[in-house]
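# Coordinate inspection notes
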Amino acid sequence: MSNATIAAPGVRLRAPGRAFAKYVSWRAERISDPVERLGYLRGSAAYWSRRPLRRAMKNARLHRLSAFVAAALLLPIPMITDGAAPRRSVQAASRFDFFANIWTVENSPDHELYSNGLRIEKRHTAAAREAVPFQRWRLDNNAREENPAPYGIVFHTTESDARAYQESNNRQLRRAAEGTVEFVQSQRAYHFVIDRFGRVFRTVPENEPANHAGTSVWADEKYYFVNMNHSFLGVSFDGQSRGADGKPSVTEPQILSARQLTEVLRSRYRIPAANCVTHAQVSVNPGNMGVGYHTDWSSGFPFARLGLPVNYLTPLPAITLFGFGFEEYYSNIAAEELQDGISAGETNLRQDATRRGLSTAAYRRFLTKRFKEVADPHRYVNFTDPETRSSNP
Amino acid sequence: MSYRYSDGSTPVGLDVGTSRIVAAWPSETDYIYRSELNSFVTLPGSRFTENVLRKENVPHTVRANEILVQGNESERFADLLGAESRRPMARGFLNPDEPESMTMMQELLRSLLGTAKHARQKLYFSVPAAPAGAADTATFHEASLRQMLTELGYDAKSVSEGLAVVYSELEGSNYTGIGISIGGGLCNVCMSYLAVPVISFSIPKAGDYIDSNAAAVTNEMATRVRLIKENTFVFGGVQQEKAHQVISVYYDDLINSLVAAMKDVFTKSKSLPRLGRPIPMILSGGSTMPQGFRARFEQAMQAVEFPVPLSEIRLAKDPLTATAKGALIAALSEM
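Residues numbered from 1 in each chain as written. Chains lettered and ligands numbered in written order. Predicted model: local features only at pLDDT ≥ 70, side-chain atom pairs only at ≥ 80, totals over all residues.

What follows deals with the sheet that holds strand 2 (residues 20-26) of chain B. All names here are of chain B. Strand order across the open sheet formed by five strands is 3-2-1-9-10, with mixed pairing between neighbours. A single partner strand is all that each edge strand has here, and the edge strands are strand 3 (31-37) and strand 10 (155-160). Strand-to-strand twist across the sheet, computed as the mean angle between neighbouring axes with direction ignored, equals 20 degrees. Inspection of the sheet shows strand 1 (residues 12-16) paired to strand 2 by four bridges, in the antiparallel sense. Looking at strand 2, one finds that Gly13 is bridged to Ala24. (Pairing = 2+ DSSP bridges. Helix = DSSP H or I, 4+ residues; strand = E, 2+ residues; numbered from the N terminus. Axes fitted to C-alpha atoms, helices over the stretch in contact; angles between N-to-C directions.)

Written out as structure tokens, the structure is:
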């Protein structure tokens, strides 16, 4: 039976906003019983009809997941418009887009210290190469733009099989961390690695691309990013996305350091919160046109603890802009919020196809062709070190 | 899934229409409906008549010097006596010109529903939307019905008639679409977005409008015109009988008025949601029953530039019970 809470008498039911309506629709479509489905929809409408204060109080009592969903209300969620170019996204003003005032306290040959407490170890930084501008494409006219500063951050895990995080393993943990960092530096795999004690190592200078994202797609309000080694910084947690217990094996010090590092990078490069995403969200496989080629941080990424909105809920741009699909294995391991992002992307795709009078399959073929044009590594000759496949998980 | 309270009772859906009251209950596999004509007829009071009515189980109420026969049997008696039946409701609301409207409505509800099994037995009843461009006129009607039903012991709540049609027919589109109920007194229109009513209005033209105007032209009784309309009238082709010709003219007028009102209201509305896809439109109510009605309505819709893209226009599976079923589904969804 439905446990829907319907609005009190006299309260005028209000439909959810445009962005959340997609989520509500998606959820409702998965309820086969018409009565239960109606109960869910009316319950949602009652929720939206409450006064904001009461809603906030209700939120405080809800399950942690509901808190995530509430946070998603503040999210920039790409929406659909018509137009021949890849769809322009419409983002809500994000309350997360403020930048902390952070300054450098100390800058020595082997480390940097920042005013928010972050300390970056520099002794494993790869030798500097020629700086390469970061790139992005406008959603409205496909024009390419360049900038010396990165546009976002992709979070990874190294998938190192380290020992348990306990005092008796200190020596082994330290040795493993050094080995991982050295390997990352030699492969120029990420810009930063955070070891299990929370130490932050710069492995590639931020004005150079690292080989972290491989074939990948993301988009924000005005721009899209393809093959994101040349667009975003890579930050990796030393550990596994899915440890023995199925949960990420990252430690508390790593999360604290990641928050400080994210603050510093966002502040320095003016990176919007919407462009702080996980590798699982952006990685794609052009071979089978599927999202989620790499699956690190497909669930459990502590967005909220890093001061970020739950970007898992964003409809995946790879689906909406370029018609990528997804395999069942991916939706099985993805966080519930990421599944919502996948589903919202699929819904957007179907609606766009309908609007253009095409079947979903035909529209997907059209978008696939577009992706191949956009992702062609020879399209722009000033790529240096054009990595198209990451060796990372 | 079983929708029963622990004592075996169930929620109830109720369509309180101008010409008919329909109640719905859930069964194990489907829904059960019972209906009563929303009318009564007055007979001269006599002990003999009273005994006959009691023996035949005909619902009736005895006054000082008259007997009021209500519900389905009222039509037979009206035909027998050559009299017009009286109506507790007119143009969608409790009839302000009928002194017995409240009493008879209460009697009709009691004979149709009985008393509630317990205080939490939910009942959703349909109410008309306010006429287009008018201030809210349904408050008294709604409050009166709620009071009657509460006196029968139900936990009674109202649902807009058009919205009930959406709840009954549009689960496939997540209860997004336009529900239209064309009954006896009013045409009720409701646009729902994810089960939330965003536009609701009514126009005071429906079956009774056709009956009374056609009766005036053909010099027949309105009751008789209604029987012709319901039993033999078909849209399309050349109408041979005069009554059919006249009914056809007034049906066209009704359809054109409804389509024009919808276009006007939807065009002027500032609360239209942004729809990602065309939405369905459902027609229900007794006045949609004549063969060819849907095609004629669709023709009229195509002739105007309707501001909301429609995926289809179709009749409800059972136009006579769709509103009651929708009201029941609303009640069940709150269990």
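The next subject is helix 11 (residues 360-374) of chain A. All names here are of chain A. For helix 11, built from 15 residues, the straight-helix expectation of 21 Å at 1.5 Å per residue is met to within 8% by its first-to-last C-alpha distance of 21 Å. All buried positions along helix 11 are accounted for by Arg364, Leu367 and Phe371. Buried positions in helix 11, seen along its axis, are confined to an arc of 65 degrees and lie on one side of it. Opposite its buried face, helix 11 presents the exposed residues Ala362, Lys369, Lys372 and Glu373, each directed more than 90 degrees away. Buried residues belonging to helix 11 abut helix 8 (317-322). (Expected span 1.5 Å × (residues − 1). Buried ≥ 20, exposed ≤ 12 C-beta atoms within 10 Å, placed from the backbone. Arc of directions from axis to C-beta. Contact = placed C-beta atoms within 7 Å.)

Membership of the largest hydrophobic core comes to 91 residues, with the highest contact counts inside it found for Leu14(B), Phe125(B) and Ala327(B). In terms of nonpolar packing, the next biggest core, distinct from the first, is built from 76 residues, Ala258(A), Val277(A), Ala280(A) and Leu349(A) among them. (Core = buried A, V, L, I, M, F, W, Y, C linked by C-beta atoms within 7 Å.)

Once that is clear, we can look at the pairing of strand 1 of chain B. Residues and elements named next belong to chain B. Burial runs high along strand 1: five of the five residues are buried. As paired elements, strand 1 and strand 9 (residues 122-127) share three bridges and run parallel to each other. Bridge pairing in strand 9 links Leu14 to Phe125. The antiparallel hairpin formed by strand 1 and strand 2 contains three residues in its connecting segment.

Our focus in this paragraph is the confidence of the model for chain A. Confidence along chain A averages 79 in pLDDT terms, with 78% of residues attaining 70 or more. For residues 53-57 of chain A, every residue scores under 50 in pLDDT, and the model assigns this stretch two contacts once sequence neighbours within four places are set aside. (pLDDT = per-residue confidence, 0-100.)

All names here are of chain B. Running from amino to carboxyl end, helix 8 (residues 242-268) crosses helix 9 (residues 293-302) at an angle of 45 degrees, the nearest separation of the two axes being 10 Å. In terms of their interaxial angle, helix 8 and helix 9 are classed as oblique. Crossing handedness for the pair helix 8 and helix 9: right-handed. Across the interface between the two elements, Ile255, Asn256 and Val259 of helix 8 pack against Arg296, Phe297, Ala300 and Met301 of helix 9. For the contact of helix 8 with helix 9, the per-class residue count stands at five nonpolar, one polar and one charged. (Parallel < 35°, antiparallel > 145°, perpendicular 65-115°, else oblique. Left-handed = near helix turned anticlockwise from the far one by under 90°. Nonpolar A, V, L, I, M, F, W, Y, C, P; charged D, E, K, R; others polar.)

Here we come to the sheet that holds strand 4 (residues 40-44) of chain B. All names here are of chain B. What the three strands build is an open sheet, ordered 4-6-5; its pairing is antiparallel. Two strands in the sheet have a free side with no partner beyond their single neighbour: strand 4 and strand 5 (60-62). Between one strand axis and the next, the sheet turns through 20 degrees on average, direction left out of account. Where strand 5 lies against strand 6 (residues 66-70), three bridges are found, and the strand directions are antiparallel. Of the residues in strand 6, the one forming a bridge with Val62 is Ile67. Across the face of the sheet, helix 1 (residues 47-55) comes into contact with strand 4, strand 5 and strand 6 while running at roughly 25 degrees to strand 6. Where helix 3 (residues 101-113) meets the sheet, its contacts fall on strand 4, strand 5 and strand 6, and the angle it forms with strand 6 comes to roughly 50 degrees.

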